[in-house]
Amino acid sequence: MTLKGLDELDRRILHELQRDARHVSSRDIAEFVDASPSTVRKRIQRLESEGIITGYHATVDYKKAGYQLVMQMECTAEIPVRRDLSETALDVDGVVAVRELATGENNVLVSAVGTDSDDLARIARELSDIGLRVSDEYLVQRDAHRPFSEFEPEGRE
């Protein structure tokens, strides 16, 4: 299903889930979007089965959890093997996220959490061993997220 296949109700449900999926129930969403809780549940199930909602994730502040080193690594993968290498990178201990980019030489971004600089060096070596070329590394100070503005209903603040 494409964005064109989403109606206003779908978009509003997605906005509420992106805003705070952990603390919002289908009844809460139903009250906000003026639909029944069963309609909201069915819509969410459809959005999940269509692959539009791909999961629910906790956002972790690794520093507060005792892991002071969060690294973003820019990597390069040959196009024919980019997807496979990205999937394999997720198996490296300490890697918490991988993003494939459609353009640019640095076409795979890897987020990793390490206990110390030796641990981050190990992660970079393992990424290199699987075939990703690590071209740059950045220590992450902070991550912030928000719902996609196109899903936000008008007048909502």
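Computed from a predicted structure; not experimentally measured.

Which residues make up the pairing of strand β1 (residues 69–76), and what values do they have?
The element β1 is largely enclosed, with a buried count of 6 among its 8 residues. Pairing between β1 and strand β3 (residues 108–114): 7 bridges, direction antiparallel. Across the sheet, residue Gln-72 finds its bridge partner in β3, namely Ser-111. Of the strand pairs in this sheet, β1 and strand β4 (residues 133–139) are connected by 6 bridges, and their pairing is antiparallel. Across the sheet, residue Cys-75 finds its bridge partner in β4, namely Val-134.

A description of the packing of helix α1 (residues 8–20) against helix α3 (residues 37–49) should follow, citing residues and the corresponding values.
Packing of α1 against α3 brings their axes to within 10 Å, and their N-to-C directions diverge by 85 degrees. Classed by the angle they form, the pair α1 and α3 counts as roughly perpendicular. Between α1 and α3, the residues in contact are Leu-9, Asp-10, Ile-13, Leu-14 and Leu-17 and Thr-39, Val-40, Arg-43, Ile-44, Arg-46 and Leu-47, respectively. For the contact of α1 with α3, the residue count by class is 7 nonpolar, 1 polar and 3 charged.

Give me the layout of surface pockets: which residues, what numbers.
In this structure, the largest pocket encloses a volume near 1,700 Å³. What lines the largest pocket is a set of 36 residues, among which His-57, Ala-58, Thr-59, Arg-99 and His-145 lie closest to the centre. Secondary-structure elements contributing two or more residues to the lining of the largest pocket are α1, β1, β2 (95–100) and β3. Per-element accounting of the lining of the largest pocket gives the leading share, 5 residues, to α1.

Which residues make up the sheet that holds β1, and what are the values?
Sheet strands pair via backbone hydrogen bonds, and the direction of the pair is either parallel or antiparallel. Judged by pairing direction, the sheet is antiparallel, and its 4 strands sit side by side in the order β2-β3-β1-β4 without closing on themselves. For this open sheet the edge positions go to β2 and β4, each flanked by a neighbour on one side alone. Taking the axes of each pair of neighbouring strands and ignoring which way they run, one obtains an average angle of 20 degrees across the sheet. Sheet contacts for helix α4 (residues 82–89): β2 and β3; angle to β2, the most-contacted strand, approximately 165 degrees.

So, the packing of aromatic side chains: which residues are in play, and what are the values?
Applying the stated criterion across every chain yields a total of 1 aromatic pair. Measuring from ring centre to ring centre gives 5.1 Å for Phe-148 and Phe-151, while their planes differ by 85 degrees; the resulting arrangement is edge-to-face. Directly above the ring of Phe-32 sits Arg-12, whose terminal nitrogen or CZ lies 5.0 Å from the centroid.

I'd like a rundown of unusual backbone geometry, residues and numbers included.
The backbone of Asp-34 sits at a positive phi, close to 60 degrees, despite the residue not being glycine. Note on placement: Asp-34 falls in the loop between α2 (26–33) and α3.

An account of the nonpolar core is needed here, citing residue identities and associated values.
Core analysis: the biggest nonpolar cluster contains 17 residues, and Met-73, Val-110, Ile-123, Leu-127 and Leu-132 have the highest contact counts within it. Elements that contribute at least two residues to this core include exactly β1, α4, β3 and α5 (117–130). Those residues within four positions of Leu-127 in sequence are excluded, and the remaining contacts are Met-73, Ala-89, Val-92, Val-95, Val-110, Leu-132 and Val-134. Among the nonpolar cores identified, the runner-up in size contains 14 residues, and Ile-13, Ile-44, Leu-47 and Ile-53 belong to it.

Here is what the cut-offs are and how they apply
- Residues numbered from 1 in each chain as written.
- Predicted model: local features only at pLDDT ≥ 70, side-chain atom pairs only at ≥ 80, totals over all residues.
- Heavy atoms only, no water.
- Buried < 20%, exposed > 50% of the residue type's maximum accessible area, 1.4 Å probe, protein only.
- Helix = DSSP H or I, 4+ residues; strand = E, 2+ residues; numbered from the N terminus.
- Pairing = 2+ DSSP bridges.
- Axes fitted to C-alpha atoms, helices over the stretch in contact; angles between N-to-C directions.
- Parallel < 35°, antiparallel > 145°, perpendicular 65-115°, else oblique.
- Contact = heavy atoms within 4.5 Å.
- Nonpolar A, V, L, I, M, F, W, Y, C, P; charged D, E, K, R; others polar.
- 1 Å grid on protein atoms, 1.4 Å probe; cavity = no way out; pocket = protein on both sides within 12 Å on 5 of 7 lines; lining within 4 Å.
- Points joined across faces, edges and corners; volume = space filled by probe spheres on them.
- Phe/Tyr/Trp six-rings, centres within 6.5 Å; stacked < 30°, edge-to-face > 60°.
- Lys NZ or Arg CZ within 6 Å of the ring centre and 35° of its normal.
- Core = buried A, V, L, I, M, F, W, Y, C linked by side-chain atoms within 4.5 Å.

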